[in-house]
Amino acid sequence: MKHYLGLDIGTKRVGLAIATDETRLAEPRRTVAPNQVAAAIQELGPFEAVVVGLPRSLAGHDTPQTVAVRRAADDLLGPLGIDPIWQDEAATSAVAEERLKAVGKPYTKADIDAEAASIILQDYLDSL
């Protein structure tokens, strides 16, 4: 069975989601501080692929945030020998928040980040 990890990288938190090729359903796990990503990957892994959300402008162009996320992913994953798979993350945080609102329970920004990671990973799985 193959395992996949989805990451929504932010400056304060990194949302984590996982899936297997058996279910092909991304599941939000949690958020961690950027300096805890390596430990989380080692705890949850190993993974066939690590899918990272890539922010872009609405026109599909790189933005300063795109550059920052690429740099952060290199810093977080490079030492682990992981080459990220990039997945467009357009509107994932907004969609994540709408999903959480629909459930009717209280939620935090960390919950939004984990849910966004699951949307990023699910979009990748759906593209396979």
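Refer to the structure printed above.
These numbers come from a predicted model, not from an experiment.

### Some details on the layout of surface pockets
Taken as a whole, the largest pocket holds about 170 Å³ of empty space. Asp8, Ile9, Gly10, Thr11, Lys12, Arg13, Gln65, Ser93 and Asp113 are the residues that line the largest pocket. Across the lining of the largest pocket, the residue classes break down as one nonpolar, four polar and four charged.

### Considerations on the side chain of Thr66
Position of Thr66 among the secondary structure elements: in helix H2 (residues 64–77). Since its relative accessible area comes to 0%, Thr66 is described here as buried. At 2.9 Å, the side chain of Thr66 and the backbone nitrogen of Thr63 are in polar contact. With sequence-adjacent residues up to four places away left out, Thr66 is seen in contact with Leu54, Pro55, Arg56 and His61.

### A closer look at helix H3 (residues 92–103)
The terminal C-alpha atoms of H3, which comprises 12 residues, lie 17 Å apart, in line with the 16 Å expected from a rise of 1.5 Å per residue. Turning to H3, its buried residues are Thr92, Ala96 and Leu100. Buried positions in H3, seen along its axis, are confined to an arc of 70° and lie on one side of it. If you follow the buried residues of H3, they end up packed against helix H4 (109–127). Looking at the residues trailing H3, positive phi occurs at Gly104, about 85°.

### Focus on the packing of aromatic side chains
We describe a pair of aromatic rings using the distance from one ring centre to the other and the angle between the two ring planes. Considering all chains together, one arrives at one aromatic pair under this definition. Taking 6.3 Å as the distance between ring centres and 55° as the angle between the ring planes, the aromatic pair formed by Tyr4 and Tyr124 counts as tilted. Within this pair, whereas Tyr4 is found in strand E1 (residues 3–9), its partner Tyr124 is found in helix H4, the two being separated by 120 residues in sequence. With respect to burial, Tyr4 and Tyr124 carry one shared label: buried. Above the face of the Trp86 ring, Arg70 is positioned so that its terminal group lies 5.0 Å from the ring centre.

### Focus: the pattern of salt bridges
Under the criterion given, the structure shown has six salt bridges. Glu43 is the partner of Arg30 in a salt bridge, and the nearest nitrogen-oxygen pair spans 3.1 Å. Pair noted here: Arg30 is in strand E3 (residues 27–32) and Glu43 is in helix H1 (residues 37–44), with a separation of 13 residues, a long-range link. By relative accessible area, Arg30 is classed as partly exposed at 28%. For Glu43, a relative accessible area of 56% puts it in the exposed group. Salt-bridge contacts for Arg56 lead to Asp62; the nearest nitrogen and oxygen are separated by 3.1 Å. For Arg56, a relative accessible area of 37% puts it in the partly exposed group.

About the cut-offs
Residues numbered from 1 in each chain as written. Predicted model: local features only at pLDDT ≥ 70, side-chain atom pairs only at ≥ 80, totals over all residues. Heavy atoms only, no water. 1 Å grid on protein atoms, 1.4 Å probe; cavity = no way out; pocket = protein on both sides within 12 Å on 5 of 7 lines; lining within 4 Å. Points joined across faces, edges and corners; volume = space filled by probe spheres on them. Nonpolar A, V, L, I, M, F, W, Y, C, P; charged D, E, K, R; others polar. Helix = DSSP H or I, 4+ residues; strand = E, 2+ residues; numbered from the N terminus. Buried < 20%, exposed > 50% of the residue type's maximum accessible area, 1.4 Å probe, protein only. Polar contact = N/O pair within 3.5 Å; in protein donor to acceptor, adjacent residues only side chain to side chain. Contact = heavy atoms within 4.5 Å. Expected span 1.5 Å × (residues − 1). Arc of directions from axis to C-beta. Phe/Tyr/Trp six-rings, centres within 6.5 Å; stacked < 30°, edge-to-face > 60°. Lys NZ or Arg CZ within 6 Å of the ring centre and 35° of its normal. Salt bridge = Lys/Arg side-chain N within 4 Å of Asp/Glu carboxyl O.

From the geometry alone we can't say anything about function, so treat these as descriptive.
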